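Fold and contact review
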Amino acid sequence: MPMRIADSRIRSFVETQKATTAPKISDSNVIDLLAAVGDGSRATFDKMKADLTKPGITRAQQLELAKSGLTRSEKSDIGQLLDKSGFAMDPGAKNFLEALIDRAPLQETFGPLSFAVTGDQKNGIAGTAKAGEVIEAINLSTAPSGRLHLADTMVIGTADASGKFLGTMPDVKEGDMIRLRARAADGSTSDWITIQAKGIETRDTRNAVVNLERVDLAATADGITVTHNTKRPLSEPGAQIRFVNARTGEKVDVTATDVGSLPAGLKLPGKAGDEFKVSVSDGKNNVDHAAVTGTLKVPGGTGGIVGVDLPDPKMHKDEMNADGTPKFKLERFTGPLFLNEPTPGDVRQGAIGNCYFPAALASVAHLNPQAIKDMIKQNPDGTYTVRFFENGNRNRPVEIKLDSDLYVRAWGGPIYGSSLGGSTSKESMELWYPLIEKAYAQWKGSYDAIGNGGSAGRVMSEVVGRSQGYEWVSPGSEQRLFDRIKSDIARGVPVAAGTHGSDQASLYTNTGVYANHAYSVLGVEEKNGEKFVKLRNPWGQSEAGNDGKNDGFFSLPMKDFTKLYSSLYVLN
Amino acid sequence: MAKPPEPIDEVLPAADSAVLAKVTRIVEQAPQQAYERSLETSLPTTAAKQVVELEVTKVLFGQLAKSGAKVQVIKPEGAYALREGNQGPFVLGKTDAGVEILGRYGPDTWPEAAVKQAAAALGKH
């Protein structure tokens, strides 16, 4: 027998849960349910929610509050939820609901229900959690156009001794969908809760986005299968995505799931070779789907990218003549792939804006040299094959076959990435780093495609085959970042860091650190009670301090690190 | 944009002078475009042009400034920005607009010893 929920807020809660991939009543979202039953003439929903999450409140006090506004019909609604919804339930939440309708005694051992977001987001994201819990968040509305996985969260704050937190996220706009969770000191996390930012602007003017690189189409006997090919979100939860077959004009509208993905089993009418125009609406903007995001073409039925054989990468545009010819010539390099075990000191950035790439490779070489050795091999015909993992997914290897021709300066040394610690002559230079960089340029399209900025986290992810994460760096985060780096390095997981942008360049002159730049993070250490982070400049020179070597390796006090650096790139 | 400093022998032939100096004043500061905080680095973004006053403490080569003199020079739009108190070797070149600081990172581009060595090799005194 289906549920017949009388209370509109409880009904809304049920509908929201049903729309998710795994409906669940958790210790976190049950607070919304309790606020719904606790409201009434005595208190509004928002007031009740604020009271229920008041710092220091006990579980018994929460029950008393919720019961104070409970009506007979709401009691019936809760009973139906327990008996008929089929939703998964956290034990603590289930006990609370049972106690609410007098089916079971309240078990105090579960502790008060916690972790909720309160109020609007005009001045940040405020709420309650258990004291000391760290609040992690991701902006689901901007993630589809970025390079973030659903779990690529940033830390926005920590609950104080009373359980209150106030976090800030950059670039949150009215209407954005924000996903949050609380992380305890033992690493355990709460369930996710998702909020829609409000109170920031008068109205939401940004349309939802859909990232078409994250969709694969494949022709089958009964239509076109549509696969969301990554754990990164495809679009904003709740967005309406429209596929229009350009050949037949047939339209299919789907709603993005609570994690910004496509409904399971989605199929489109069409055949191999068809093109689909894709548009997206968030219900407020582009409601007529007039603006098309892009086009997807159905290939010949098979997916996957293996054994890619792409043309040689062209030079960066700065090194091209007006007629499109390169200013520098290619030379065949014939040195060994490895002179010895790969190390960070092997890597040197060339005259190209891709610091993120050598910084990432040096970080991987520092902790996992075997990963470097595994990703490149010499073929019997003298060519090389380099393997990356698309989007950090080990099930999506991308293999690039390349020769060892490198662009050289007039005196013969490579203009782009090269190896340090030995000769740069074409007969003897160690080749692993410059060839991996060349393969990356070949994969992405050209040296220009990789030479105008990028993310070290993304590269580490594509090299190691793990999803990427990041933490914003700011003064006050010394201990947290010290612990994070120490823990990741101990686990053999590479770490890198990026400095602030060019608009803050005056912070850097005479510090030995450079703006708009990526560095390998090699470890942390404590000297005389002061905490330091060990870094390497991918230039292989220019560093903070004066250790007399000028080899790019240096230690920086954590207090300076949090001032001069903006982001820490990690892997999940 | 976080490229490594240029090889000094690519820049020094165009230089007219090199000095050790300290920035004593920011004379002009062009409007600085604000960039959104980003997870990406090496982005093709720049720090705005400045005109700064340098107090010269030592001349490494050339006639553009004398030791003890204060000179106004142009910090072109690029990868670095100066503030009062910055110091180091400044490689200078004359342009139509005035005297300009050369090297991708100004006083942080090359150490004094490298400038002196390269200048000597080119016969610049």
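Above: the structure in question.
Residues numbered from 1 in each chain as written. Chains lettered and ligands numbered in written order. Predicted model: local features only at pLDDT ≥ 70, side-chain atom pairs only at ≥ 80, totals over all residues.

Okay, helix α5 (residues 72-84) of chain A next. Residues and elements named next belong to chain A. Over its 13 residues, α5 runs 18 Å from end to end, which matches the ideal 18 Å to within 8%, given 1.5 Å per residue. The set of residues buried in α5 consists of Glu74, Asp77, Ile78 and Leu81. The arc enclosing the buried residues of α5, seen along the axis, measures out at 95 degrees, which places them on a common side. Those residues of α5 that are exposed and angled more than 90 degrees off the buried face are Arg72 and Asp83. Two residues or fewer after α5 comes Gly86, characterised by a positive phi angle close to 75 degrees. (Helix = DSSP H or I, 4+ residues; strand = E, 2+ residues; numbered from the N terminus. Expected span 1.5 Å × (residues − 1). Buried ≥ 20, exposed ≤ 12 C-beta atoms within 10 Å, placed from the backbone. Arc of directions from axis to C-beta.)

With that settled, the discussion passes to the nonpolar core. One broad trend across soluble globular proteins is that nonpolar side chains are buried collectively. Counting residues in each nonpolar core, the largest one holds 151 residues, and the members touching the most others are Ala360, Leu361, Val386, Ile436, Met460 and Ala496 of chain A together with Leu92 of chain B. When residues of this core are assigned to their parent elements, the largest contribution, nine residues, is made by helix α7 (residues 356-367) of chain A. Setting aside anything within four residues of it in sequence, one finds Leu361 of chain A in contact with Val347, Tyr433, Ile436 and Val463 of chain A. Listed in part, the 19 residues of the second largest apolar core include Val215, Val226, Leu262 and Val298 of chain A. (Core = buried A, V, L, I, M, F, W, Y, C linked by C-beta atoms within 7 Å. Contact = placed C-beta atoms within 7 Å.)

Turning to the environment of Ala22 of chain A, a few remarks are in order. Structurally, Ala22 of chain A can be placed in the loop between α1 (8-18) and β1 (24-25). Since 10 C-beta atoms lie within 10 Å of it, Ala22 of chain A is described here as exposed.

Now for the interface of chain A and chain B. Facing the 32 residues of chain A at the interface are 32 residues of chain B. Counted by class, the side of chain A that touches chain B contains eleven nonpolar, 19 polar and two charged residues. (Nonpolar A, V, L, I, M, F, W, Y, C, P; charged D, E, K, R; others polar.)

Residues and elements named next belong to chain A. The strand order across the open sheet formed by three strands is β19-β20-β21, and the pairing between neighbours is antiparallel. At either end of the open sheet lies a strand with only one pairing partner, and these are β19 (376-378) and β21 (397-402). Neighbour to neighbour, the strand axes of the sheet diverge by 20 degrees on average, direction disregarded. In the sheet, strand β20 (residues 384-389) pairs with β21 via six bridges, with the strands oriented antiparallel. Pairing of Phe389 across the sheet is with Pro397, part of β21. (Pairing = 2+ DSSP bridges. Axes fitted to C-alpha atoms, helices over the stretch in contact; angles between N-to-C directions.)

All names here are of chain A. Their axes nearest at 8 Å, the elements α7 and helix α11 (residues 456-464) cross at an angle of 50 degrees. As far as their axial angle goes, α11 and α7 are oblique. α11 is crossed by α7, and the crossing has right-handed handedness. The residues of α11 that touch α7, namely those facing Tyr356, Phe357, Ala359, Ala360, Leu361, Ser363 and Val364, are Ala456, Val459, Met460, Val463 and Val464. Among the residues making up the contact of α7 with α11, the classes are represented as eleven nonpolar, one polar and no charged. (Parallel < 35°, antiparallel > 145°, perpendicular 65-115°, else oblique. Left-handed = near helix turned anticlockwise from the far one by under 90°.)

When two helices pack together, their arrangement is given by the angle between their axes and by how far apart the axes lie. Residues and elements named next belong to chain A. Orientation of helix α4 (residues 59-68) relative to helix α6 (residues 91-100), taken along the N-to-C sense of each, is 50 degrees, at an axis distance of 10 Å. Put simply, α4 runs oblique to α6. In the crossing of α4 with α6, the sense of the turn from one axis to the other is right-handed. In contact with Leu63, Ala66 and Lys67 of α4, α6 contributes Phe96, Ala99 and Leu100. Residue composition of the contact of α4 with α6, grouped by class: five nonpolar, no polar and one charged.

Paired through backbone hydrogen bonds, the strands of a sheet run either parallel or antiparallel to each other. Residue and element names in this part refer to chain A. Ordered in space as β13-β12-β15-β16, the four strands form an open sheet in which the pairing is antiparallel. The outermost strands of the open sheet, each flanked by one partner alone, are β13 (251-255) and β16 (292-297). Adjacent strand axes in the sheet meet at a mean angle of 25 degrees when their direction is disregarded. Bridge count for strand β15 (residues 275-281) against β16 is five bridges, and the pairing is antiparallel.

As a further point, take the environment of Ala505 of chain A. As for its position among the elements, Ala505 of chain A is in the loop between β25 (495-499) and β26 (518-527). Looking at Ala505 of chain A, the number of C-beta atoms within 10 Å reads 25, which means it is buried. Considered as a pair, Ala505 of chain A and Asn516 of chain A are eleven residues apart in the sequence and their alpha carbons are 8.0 Å apart. Here Ala505 of chain A is in contact with Ala515 of chain A together with Ala47, Ala79, Tyr80 and Ala81 of chain B, once residues within four sequence places are set aside.

Let's shift gears to the pairing of strand β10 (residues 215-220) of chain A. Residue and element names in this part refer to chain A. Alignment of β10 against strand β11 (residues 223-228), held across six bridges, turns out to be antiparallel. Following the sheet pairing, Leu217 is matched in β11 by Val226. Between β10 and the antiparallel strand that follows it, β11, lie two residues.

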